[in-house]
Amino acid sequence: MKIAVFDVDDTLIIHGQGSKSYYTPSTNTFLRDLIESKGFDKIYIYTNGTYGHGYSVCKHLNIYDKVSFIYGRDNLSFLYPNHMKPTIESFKYVNDSIKTDSGIINDNPENHQIYFFDDLDVNLKTAKSIGWNTILIKPNGKKENYIDHIFSNIYSALLQLEY
Ligand SMILES: [Mg+2]
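Draft legend 1. The arrangement of the sheet that holds strand β3 (residues 69-71) in detail. Strand order in the open sheet formed by 6 strands is β3-β2-β1-β4-β5-β6, with parallel pairing between adjacent strands. At either end of the open sheet lies a strand with only one pairing partner, and these are β3 and β6 (149-151). Looking at each pair of strands side by side, their axes are set apart by 20 degrees on average, direction ignored. Where strand β2 (residues 42-46) and β3 come together, 3 bridges link them in parallel fashion. Each bridged residue has a counterpart across the sheet, and for Ile45 the counterpart in β3 is Ile70. Here helix α4 (residues 121-129) sits on the sheet and contacts β4 (113-118) and β5 (133-137); the angle it forms with β5, its principal contact strand, is near 175 degrees.

Structure representation (structure tokens):
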């Protein structure tokens, strides 16, 4: 199984000069088409923002119906104070939850690939420690041993990388 996990802020959307345009509905399907073309079996959102923030952005990007679940700081709050990235407790919970939801919790992890897209190095460091494939979304990002790939934006990451 090929599973994609996307951060929201500065990964799926780039924050502009106080713009809230990422909350307004749009008919643009470019990102949706790109994600579809990669043939992921499951897609999840993992944000330190709220569930509602993730929901609104997914609606804006026309990918909400493709997303199996949105993990946010509010619906992970039962893990407080370790509910947010980059804590290992948060990542372990999300990893188990994704694998349960996908029906692969008891499988050999090597038979499945989880691709994690995030703009913060520290988040990728924890993600790598639990066996995820790590993709840094950051202009001029610096390579580290826990980072598998670096792209300046989500579009390049989806276009150029073979999943
Ligand atoms: Mg981010």
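Draft legend 2. Highlighting helix α2 (residues 51-60). Of all the residues in α2, the buried ones are His53, Gly54, Val57, Cys58 and His60. The buried residues of α2 occupy an angular sector of 160 degrees when projected down its axis, which confines them to one face. The elements touched by buried residues of α2 are β2 and β3. Positive backbone phi, at 60 degrees, marks Asn62, one or two positions downstream of α2.

Reading guide: rules and limits
Residues numbered from 1 in each chain as written. Predicted model: local features only at pLDDT ≥ 70, side-chain atom pairs only at ≥ 80, totals over all residues. Heavy atoms only, no water. Pairing = 2+ DSSP bridges. Helix = DSSP H or I, 4+ residues; strand = E, 2+ residues; numbered from the N terminus. Axes fitted to C-alpha atoms, helices over the stretch in contact; angles between N-to-C directions. Contact = heavy atoms within 4.5 Å. Buried < 20%, exposed > 50% of the residue type's maximum accessible area, 1.4 Å probe, protein only. Arc of directions from axis to C-beta.

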